[in-house]
Amino acid sequence: MIASLLYALQLFSLYPDDHPLGEQGITRLHKDLDVFTAEYGDLFLRVEKNQLLLGEEVVYQGAASEGDLTFALSRDGILILVVRRGINREEVQLLISILNRYKTIWDESDGDIVTALWEADLPHIDWKAVDAFIDSDIDIDVWRKKEKKRTPVLDSGLDLVSAQKPEPLPRINMLSVQLTPEETEQLKEMVQQDEERDLPRDILDMMADILTAQQEEDYCSTALAYIDKMLVQSLSEKDFDFAAEILQRVILLRQLGERRWLHSVLSTMDALLEKISSSYFLVPLIHSLGTFNGASTDSIKKFLSLVPSRAISALAPLLWTSVPSHVHSMIAETVVLLANRTFEPFEALLVSAEDERLIRMVPLLGKMQGERSAGVLLRLVKHSSDKVRKEALKAIIVRAIWAPEDLMPLMDDENESVRQIFLRYMQSRRCETVEEGLLWYLQTHGFREEEHEHLLECFRTLGKCGSAQSLGFLRQLLLGGNWFSRLRATVRRQGAALALSELGLDEARKILADAIHSRYPGIRKAAWAFNNLPAAGGN
Amino acid sequence: MSNESEVSMSSNPGEILFRALYRLLHTIRIHADNNELITSCLVEFRSAVMQLSGEGDVTILSSQARLYLQGERFNYQKQNIKLVHSLLDFFKNRRLQGISFHSTIKNASATEILWFFRLIIRSGIHEEPSDWLIKEVEKARLSWVTVLKESELKPKRSDQERKQEARDIYFHALGSVADVAQKISQQGAAGIRQAKRAVQAMIEFLGNDLTFFQGLSVIRDYDDYTYSHSVNVAVLALCLGHRIGLPPMSLQHLGLCGLFHDLGKVEIPREIITKPQALTEEERNVVKKHPLASVQQILKLQTSSELTARIILAPFEHHLQYDLNGYPEVFFKKTLSLFGRIIRIADVYDAITSSRPYRSAILSPDCALALMLQGSGKEYDPILIKVFAQMLGAYPVGTLMQFNTGELGLVAETGNRRLQVVLLDKDASGICQQGRKVDLYQKDPLNPSCRRAIVRTANPLTYGIRAADFLF
């Protein structure tokens, strides 16, 4: 049985919890204890220096060195260890875990075998231990002697009646301190509630109070260090709700402390916020989210939404790494949110980003708000990369940024796709600026044959965004020209017909009617042709 | 007493029995014997006993704030804490050590069993409840049950042994708190193994002898006031915590709060602590920082973050009133923790009944308590202060009394309709000597005609009397 105990202890110390071999040791010990106690009753093991005795028989001879079972039991003052009949497996496991944990302790340990057994409160384990601490630094006798050395009371004239000044102090009415039934109930609830009290939040309040009321660096640093520890712990435990609360509190305290704290305290606080925003802190956190529970999404988002905006420089690069899609979209949302709060960190990233990364970042600008990000998009439509320009234009459309002056150059963009997207966007509303720009473009620009599609799209756009101002130009294009040219339905004539049909004005319809009834086949054909053109796409 | 959620199904036969007993004791108070609910509770109880007994006895014992079934400690969980405490209170109020149900209970009639339980309930109103109950059970010839009296199973230790043990525990605690304080001060870190051992020993002792234990706080060492004050606060807080039914682990944490609540005072210059005159504004501000300093010191303890979290709030809060006035100033905190409220009461009581260089008057324990009661609801939790007053009694241990007979006495033990006083005899040279112990509620057998009446009370320290020299 003792061999079984030592074997279980050895396996427990060698293997991690729940390892089959460790479990096997516990099971075997439990079985042996069952057999023993069934046959002989409770197991009483006496502990003498480095020995375990059963009755008078030495059943184990240990060594006088750290790590030995008997040494540890003696060190903690245990005289008798009793295992009662009926002990269950969980108790055996706990006992072994306690013996293993406190096999070796250091001077400033937070407990020993006795304190742990007391705390575990195992129903089938009893022990007797000496009160005095072996190897203790405390010399209890010194304290006793100090108490005893007092001179005995010598007061020859002790007479309360004469000595005591009249005391107008109240006396207790014991009836008044009886609890009412309601108070008795409240008391029970109070005790129950205390058992369930949310200590970390209470401690957070306390630390916040220390930081709010104090200006001394020492106390503030202590409080901040503890808050830092709580934050790290809550994140490691994936308690994002609490982590968010801590961060929220830190931000509030930073604001409150702005004018009160010493510079050094502010620096410590800023260092904490800096740490939270760093790649060192955030990247492992984000990577750990791969397996997070979907139900925690809101909590995680809440936490991430609170990190300082400079965290963008840590978070955004994760967008071009292989992270699960749900994590990717969470990072993207966070970056947008943080950039909306303070745009500079995102802008700095854009400036230094290579084209490929820029292409991935530009769509985020489409989800942002504010003039600064809009301004960046309008600058990016002039970027040398087709793809960047295209993404920037898409982002502009998503955000419905209407800045025709800035966008007009795209009408003649070298990339066909960009031109198309631009024109379709311009078709979305009537706009004098765009109309003027188009009129100028169509009047001054020459189009090659392969650009006919683009030319027609320009006319469609003119029709969709233009006004009566364009009628003259369009009438002239559709109906004008010398007799020879009127024989042919040129692309420009078709475009004019198309634009007129898109204008939707009575005057335009009248011009079209005139064209349909023209005696020149080229004009008639152009007027009819727009009907054969593919229907205009959406913007 | 009853709560449907409490009566949930359990597969543990012990728990089934305790729940059945709990329900029966509750139901029987409300309903007549022929009530259906009573019948079902009785069936449930009898079957629980039968399940456990086989052909033997089923013995329930209450000892050291724990329930035992068939000699084994009942290991209760958070969800049945109310059930266990309720049963423990029930046993304690009747001074019952336990009940043994014999296998013959299966032949007992329902009327007999119900009669027995009604007897137990009624025993609570009698002066010696367990004696009365035993007699009644004998009269009724209830052979299927045996009532066990408190004294039958517990060998009584002599007063001298109890005193010695109490003193040992006190000085262990004192030594451990001093050790922690010194190590933190010198090394910047300290373990709490010894403090834990001391607190655990205190809890075990108070479970056995609450009245005696609470008197320990009269031991004071003014060379090291802060340390002995810390131990006294731990003693008083543990008594109050025990009284309100805190489980052992919580008591351990509360005891540590008591020991460490003033750790921050170690950093205050001694000349300020011992200054006989009123403190200057600047000095007061230094003193007011000690709860923060205590927090700082506790963070230096080498222990788990869980334990730190459990013991750090009360030291911060112990100068905050129930209404959150006091110091340190708080903005975020909305309520004080239970430990904070307990430690505050214990702290103030010990402080105002102690002799301090800057204080001319030392309140007698009874006056101190009365004064504190005036702050109920504002300075102190109104329920806890009541329980504290009940616990200490109208004349707390250590109160110096003068009687109409001209004698002086020190209150040595209170509670359970007792007020034990150690008489102080003056010898020829005027030195106070420890005299007889008398119970003020009983006639003095040596002088039956003498019935002492209290004329005045005072704090013994006012007269240079150290109560501990006479009581421990």
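Heads up: the structure comes first, above all this text.
All of the points below concern the structure found in this document. (Residues numbered from 1 in each chain as written. Chains lettered and ligands numbered in written order. Predicted model: local features only at pLDDT ≥ 70, side-chain atom pairs only at ≥ 80, totals over all residues. Heavy atoms only, no water.)

Across the boundary between the two partners, chain B contributes 106 residues, which contact 89 residues of chain A. Note on chain B versus chain A: buried area summed over both sides is about 9,100 Å², and carbon and sulfur give 59% of it. The three residues of chain B that bury the most area against chain A are Arg 193, Arg 197 and Phe 332 of chain B, which together make up 10% of that side's buried surface. Between the two partners, chain B and chain A, sit eight salt bridges. The salt bridge involving Asp 112 of chain A is made with Arg 197 of chain B; its shortest N-O contact spans 2.8 Å. Seen at the junction of chain B and chain A, the total is 25 residue pairs in polar contact (both at pLDDT 80 or more). A total of 12 residues in the side of chain B that touches chain A trace back to one element, the largest contributor, which is helix 7 (residues 159-187) of chain B. (Contact = heavy atoms within 4.5 Å. Buried area = accessible area lost by both parts, 1.4 Å probe. Salt bridge = Lys/Arg side-chain N within 4 Å of Asp/Glu carboxyl O. Polar contact = N/O pair within 3.5 Å; in protein donor to acceptor, adjacent residues only side chain to side chain. Helix = DSSP H or I, 4+ residues; strand = E, 2+ residues; numbered from the N terminus.)

With that settled, consider the nonpolar core. Generally speaking, a soluble globular protein has its nonpolar side chains buried in company with each other. With 235 residues, the main nonpolar core has Met 207, Phe 303, Phe 346 and Leu 407 of chain A together with Ile 244 and Phe 260 of chain B as its most contacted residues. Broken down by element, this core gets its largest block of residues, 11 residues, from helix 7 of chain B. Here this core gathers at least three residues from each of two domains, domain 2 (159-390) and domain 3 (400-471) of chain B. Every residue in contact with Phe 303 of chain A, bar those within four places of it in the chain, is listed here: Leu 231, Leu 235, Phe 240, Ala 243, Ala 244, Leu 247, Phe 281 and Leu 285 of chain A. Core analysis: the next-biggest nonpolar cluster, separate from the first, contains 45 residues, Ile 38, Cys 41, Ile 99 and Phe 117 of chain B among them. (Core = buried A, V, L, I, M, F, W, Y, C linked by side-chain atoms within 4.5 Å. Buried < 20%, exposed > 50% of the residue type's maximum accessible area, 1.4 Å probe, protein only. Domains from an automatic or database assignment.)

Moving on, we come to the pattern of salt bridges. Residue and element names in this part refer to chain A. For the structure on display, the rule yields 48 salt bridges over all chains. Arg 249 is the partner of Asp 205 in a salt bridge, and the nearest nitrogen-oxygen pair spans 2.8 Å. Note that Asp 205 is positioned in helix 9 (residues 199-213) and Arg 249 in helix 11 (residues 240-257), a separation of 44 residues in sequence. In this structure, Glu 457 and Arg 460 form a salt bridge, with 3.6 Å as the shortest nitrogen-oxygen distance. You can see Glu 457 and its partner Arg 460 sitting in helix 24 (residues 452-465), three residues apart, about one turn around the helix.

The next point concerns the sheet that holds strand 3 (residues 57-61) of chain A. Sheets are built from strands that pair by backbone hydrogen bonding, the pairs being arranged parallel or antiparallel. All names here are of chain A. Strands sit in the order 3-2-1-4-5 across an open sheet of five strands; the sheet is antiparallel. This sheet does not close on itself; its edge strands, each paired only once, are strand 3 and strand 5 (125-129). When the angles between neighbouring strand axes are averaged without regard to direction, this sheet yields 25°. Pairing between strand 1 (residues 43-48) and strand 2 (residues 51-54): four bridges, direction antiparallel. Within strand 2, the position partnered with Arg 46 by the bridge is Leu 53. Where helix 2 (residues 20-40) meets the sheet, it contacts strand 1, strand 2 and strand 4 (78-83), and its direction lies at approximately 105° from that of strand 1. (Pairing = 2+ DSSP bridges. Axes fitted to C-alpha atoms, helices over the stretch in contact; angles between N-to-C directions.)

As a further point, take the side chain of Ser 62 of chain B. Residues and elements named next belong to chain B. In this fold, Ser 62 is placed in strand 1 (residues 58-63). You can call Ser 62 buried: its relative accessible area is 13%. Those residues within four positions of Ser 62 in sequence are excluded, and the remaining contacts are Leu 67, Leu 88, Phe 91, Leu 96 and Gln 97.

What follows concerns the packing of aromatic side chains. Using the criterion set out here, one finds 15 aromatic pairs over all chains in the structure. Plain terms: the ring middles of Phe 116 of chain B and Phe 117 of chain B are 5.3 Å apart, the flat faces sit at 65° to each other, and that makes the pair edge-to-face. The same class applies to Phe 116 of chain B as to Phe 117 of chain B, namely buried. Arranged with centres 6.0 Å apart and planes meeting at 45°, the rings of Phe 205 of chain B and Phe 213 of chain B form a pair that is tilted. Here Phe 205 of chain B and Phe 213 of chain B have matching classes, each one buried. An aromatic cluster is present here, built from Phe 45, Phe 101, Phe 116, Phe 117 and Trp 144 of chain B joined pairwise through their rings. Just above the ring of Trp 402 of chain A sits the side chain of Arg 429 of chain A; from NZ or CZ to the centre is 3.8 Å. (Phe/Tyr/Trp six-rings, centres within 6.5 Å; stacked < 30°, edge-to-face > 60°. Lys NZ or Arg CZ within 6 Å of the ring centre and 35° of its normal.)

Residue and element names in this part refer to chain B. Taken together, the five strands give an open sheet; going across it, the order is 3-2-1-4-5, and neighbouring strands pair in antiparallel fashion. Edge strands, defined here as strands with exactly one partner in the open sheet, are strand 3 (72-73) and strand 5 (145-149). Seen against the sheet, helix 5 (residues 129-139) touches strand 4 (96-101) and strand 5 and runs at an angle of roughly 160° to strand 5.

Residue and element names in this part refer to chain B. Running from N to C, helix 11 (residues 248-260) and helix 15 (residues 305-317) cross one another at 50°; their axes reach a closest spacing of 9 Å. Regarding the angle of helix 11 to helix 15, the classification is oblique. As for the relative orientation of helix 11 and helix 15, their crossing is right-handed in sense. Contacts between helix 11 and helix 15 pair Ser 250, His 253, Leu 256, Cys 257 and Phe 260 from the former with Leu 307, Arg 310, Ile 311, Ala 314 and Pro 315 from the latter. (Parallel < 35°, antiparallel > 145°, perpendicular 65-115°, else oblique. Left-handed = near helix turned anticlockwise from the far one by under 90°.)

Residues and elements named next belong to chain A. Where nonpolar side chains cluster on the molecular surface, the patch consists of Trp 483, Phe 484 and Leu 487 and spans about 370 Å² of accessible area. Tracing the sequence through the fold places Phe 484 in the loop between helix 25 (471-479) and helix 26 (491-503). According to the relative accessible area criterion, Phe 484 is exposed, its value standing at 52%. (Patch = residues over 30% accessible without salt bridge, like charges linked within 9 Å, V, L, I, M, F, W, Y side chains within 5 Å. Areas by Shrake-Rupley, 256 points an atom, 1.4 Å probe, with all protein chains shown as cover.)

Residues and elements named next belong to chain A. With respect to the secondary-structure elements, Leu 29 resides in helix 2. Residues Leu 29 and Leu 471 lie 442 residues apart in sequence; the distance between their C-alpha atoms is 101 Å. Other than its neighbours up to four places away in sequence, Leu 29 contacts Met 1, Ser 4, Leu 5, Ala 8, Val 92 and Ile 96.

In this section: the pairing of strand 3 of chain A. All names here are of chain A. In this structure, strand 2 lies alongside strand 3, joined through four bridges in antiparallel fashion. Counterpart to Gln 51 in the pairing with strand 3 is Gln 61. The turn linking strand 2 back onto strand 3 is made up of two residues, and Gly 55 within it adopts a positive phi angle of 65°.

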